[in-house]
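Structural overview for review
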Amino acid sequence: MDDDKPITEQAMETITSAVEATKDAAVTAVKKVKKAAKKVAKKVAPKKAKKASKKKAKKAAKKSSKKAAKKSAKKAAKKTANKKTAKKAAKKKAKKARR
């Protein structure tokens, strides 16, 4: 400390320099944190996107399989109904032919 300057002035300079140093340290810390956050985001984001796309794919597959099952069930029901009507028609024809 300088003996020429009054104590209050010396104290103010010390406090000012401490504040500036703290501010600089805070700014560099924020920059480092932002940089680290970006790195983490780069690593994590693709994984989350993959998980989300997998979930969507699973849902879509489930939906399409349900639709396919419904369609096939309808087709099967139609076929069996057509076969039954065809059998009935054949029986009627056979009966008519016998007369």
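Presented here is an overview of the structure given in this document. (Residues numbered from 1 in each chain as written. Predicted model: local features only at pLDDT ≥ 70, side-chain atom pairs only at ≥ 80, totals over all residues. Heavy atoms only, no water.)

1. Details of the overall build of the chain
Scanning the chain for helices and strands turns up one helix and zero strands. Overall, the C-alpha framework of the chain stretches about 140 × 20 × 5 Å when taken along its three principal axes. Buried residues in the chain amount to 1% of all 99 residues. (Helix = DSSP H or I, 4+ residues; strand = E, 2+ residues; numbered from the N terminus. Buried < 20%, exposed > 50% of the residue type's maximum accessible area, 1.4 Å probe, protein only.)

2. Re a nonpolar patch on the surface
On the surface, Met12, Ile15 and Val19 cluster together into a nonpolar patch covering about 300 Å² of accessible area. Topologically, valine 19 is positioned in helix α1 (residues 7-98). (Patch = residues over 30% accessible without salt bridge, like charges linked within 9 Å, V, L, I, M, F, W, Y side chains within 5 Å. Areas by Shrake-Rupley, 256 points an atom, 1.4 Å probe, with all protein chains shown as cover. Salt bridge = Lys/Arg side-chain N within 4 Å of Asp/Glu carboxyl O.)

3. Considering the environment of lysine 34
By the element assignment, lysine 34 lies in helix α1. You can call lysine 34 exposed: its relative accessible area is 56%. A sequence separation of 24 residues divides lysine 34 from lysine 58, and the C-alpha atoms of the two residues are 35 Å apart.

4. Comments concerning the environment of lysine 92
Here lysine 92 is to be found in helix α1. Spatially, the C-alpha atoms of lysine 92 and serine 72 are 30 Å apart, while their sequence positions differ by 20 residues.

5. Quick look at the environment of alanine 21
Mapped onto the elements, alanine 21 comes out in helix α1. Considering only alpha carbons, one finds alanine 21 and lysine 35, 14 residues apart in sequence, at a separation of 21 Å.

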